[in-house]
Amino acid sequence: MGKKPTIQTIADLAGVSRGTVDRVLNNRSYVKAEVRERVLQIARETGYQSPREVHLREQTGLQPLRLGVLLPNWGFGHQFLDEVRKGISDAQMELEDAQVEIVVRQCSTDLPEEAVTLLRELRDLRVDGISVCVFQDQSVEKELLALKESGIPCVTFNTDLPDSGRLLFVGEDIKKTGRLAAQMMSKSIRPGEQILIALGNRKFDGHRMRMLGFRERMRELGFPEEDIFVEETFNDYSTTLHVVSEAIRLHPDLRGIYMANLSVIACTEVVRAYGMSGKIHVICHDINDGIRHLLRTGLIDYTIPQDFVRQGREPLVWLTSYLRKKKLPDSGDFAGLQILCSENI
């Protein structure tokens, strides 16, 4: 049996100093990108383990794990990000005795190349598994497939990446939430009246699947397809103001708005400004103090909430379970659906 690889082994094979190897393995700066990649590749190929990893394994009998989390660019200043981060923190405390370390990265743009870069950064940090919530794009899904082939599994949450080879999706049955919203909308308006679907971004699987579910159920209920129109708002307050204003101005028979995105307050401000409160019925998602107020004042008819804390925590718990025991739930990890109105908030 050959000797266990050491820092000196990696330094010799990479043609660099021990200090450079130490900086790379501890994710410190002042190392050229090509040198960092070469050192990490050699560490992976030789099966190098740090003294800390060896000590923890000897003390606990557990192989230390490092899990990565990749978050989308949206959510700054919104409950999604705060609650997901709380879920991640809960998972870190829960898994601390199980020798699990969690590393979080967040996109600052919607550009798929940034998400790919951050996924590669997590790979270079030698994560054992990744929890992901980002926009759907072929290049992102291709990168996750490559990570899977290299032995790094992925769990998606909140919005799915169905062609990524992911182990599991944690969240709502997204299409069913759209169907549920349609069922409730049909109680407030009649066929022949018009409906706006305000969509965040078609590339975001969660928003797209909500739209598909909503339109599918409305067709089944006898609402003509031509009376349902879709506009993207990119979760932007000003864009939502414009989109809803134009919809009311151009469609005098508009009687329903399905907010399959954020910026619900912008929507209701426009409805109120046009004197259409109570005439245009609004259904949205999630729950916070602002939406509670809008429900109480009748500016929103219903909302379909979801548990963001759970979505931050569960992927990390399931990744640990899979990596340690090869155990996963039988068919996804879906949460039950709720409907909130002014009477049960």
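Data block above holds the structure.
These remarks concern the structure in this document. Quick caveat, the model's predicted, so the values are computed rather than measured.

### Focus on the pairing of strand E3 (residues 129-132)
Point 1. The two faces of E3 match: Gly 129 and Ser 131 on one face and Ile 130 and Val 132 on the other face are all buried.
Point 2. Direction of pairing for E3 relative to strand E4 (residues 154-157): parallel, over a ladder of 3 bridges. Each residue of the ladder has a partner; that of Val 132, found in E4, is Thr 156.
Point 3. In terms of handedness, the path from E3 via helix H7 (residues 138-149) over to E4 forms a crossover that is right-handed.

### Overview of the environment of Thr 156
Point 1. Positionally, Thr 156 belongs in strand E4.
Point 2. Sequence separation between Thr 156 and Gly 256 is 100 residues, and the spatial gap between their C-alpha atoms is 32 Å.
Point 3. Contacts of Thr 156, omitting those with residues within four sequence positions, involve Val 132, Leu 161, Ser 164, Arg 166, Leu 168, Phe 169 and Val 170.

### Points about the nonpolar core
Point 1. Core analysis: the biggest nonpolar cluster contains 26 residues, and Phe 80, Val 84, Val 100, Ile 102, Phe 157 and Leu 316 have the highest contact counts within it.
Point 2. Looking at this core, the elements that each hand over two or more residues are strand E1 (65-71), helix H5 (79-95), strand E2 (100-106), E4, strand E5 (168-171) and helix H13 (308-325).
Point 3. Among the elements that take part in this core, H5 stands out by supplying 6 residues, more than any other.
Point 4. With near-sequence residues (within four places) excluded, Ile 102 lies in contact with Leu 67, Val 69, Ile 88, Ala 91, Gln 92 and Leu 316.

### Remarks on the environment of Thr 117
Point 1. Here Thr 117 lies in helix H6 (residues 112-124).
Point 2. The sequence separation of Thr 117 and Glu 143 amounts to 26 residues, and the corresponding C-alpha distance is 9.5 Å.

### Focus: the pattern of salt bridges
Point 1. The tally for this structure, following the rule as stated, stands at 18 salt bridges.
Point 2. Close ionic contact of Arg 123 with Asp 124 constitutes a salt bridge, the shortest N to O distance being 3.0 Å.
Point 3. We classify Arg 123 as partly exposed; its relative accessible area is 22%.
Point 4. The residue Glu 225 makes a salt bridge to Arg 215 at a minimum N-O spacing of 2.2 Å.

### Observations regarding the sheet that holds strand E7 (residues 228-232)
Point 1. The 5 strands lie next to each other as E7-E6-E8-E9-E10, forming an open sheet whose pairing is parallel. Of all the strands in the sheet, the pair left with one neighbour each is E7 and strand E10 (302-304). In this sheet, adjacent strand axes meet at a mean angle of 15 degrees when their direction is disregarded.
Point 2. Relative to strand E9 (residues 281-285), strand E8 (residues 254-260) runs parallel, the two sharing 3 bridges. Following the sheet pairing, Gly 256 is matched in E9 by His 281.

So, how was this worked out
- Residues numbered from 1 in each chain as written.
- Predicted model: local features only at pLDDT ≥ 70, side-chain atom pairs only at ≥ 80, totals over all residues.
- Heavy atoms only, no water.
- Buried < 20%, exposed > 50% of the residue type's maximum accessible area, 1.4 Å probe, protein only.
- Helix = DSSP H or I, 4+ residues; strand = E, 2+ residues; numbered from the N terminus.
- Pairing = 2+ DSSP bridges.
- Right-handed = clockwise from strand over helix to strand, strands pointing away.
- Contact = heavy atoms within 4.5 Å.
- Core = buried A, V, L, I, M, F, W, Y, C linked by side-chain atoms within 4.5 Å.
- Salt bridge = Lys/Arg side-chain N within 4 Å of Asp/Glu carboxyl O.
- Axes fitted to C-alpha atoms, helices over the stretch in contact; angles between N-to-C directions.

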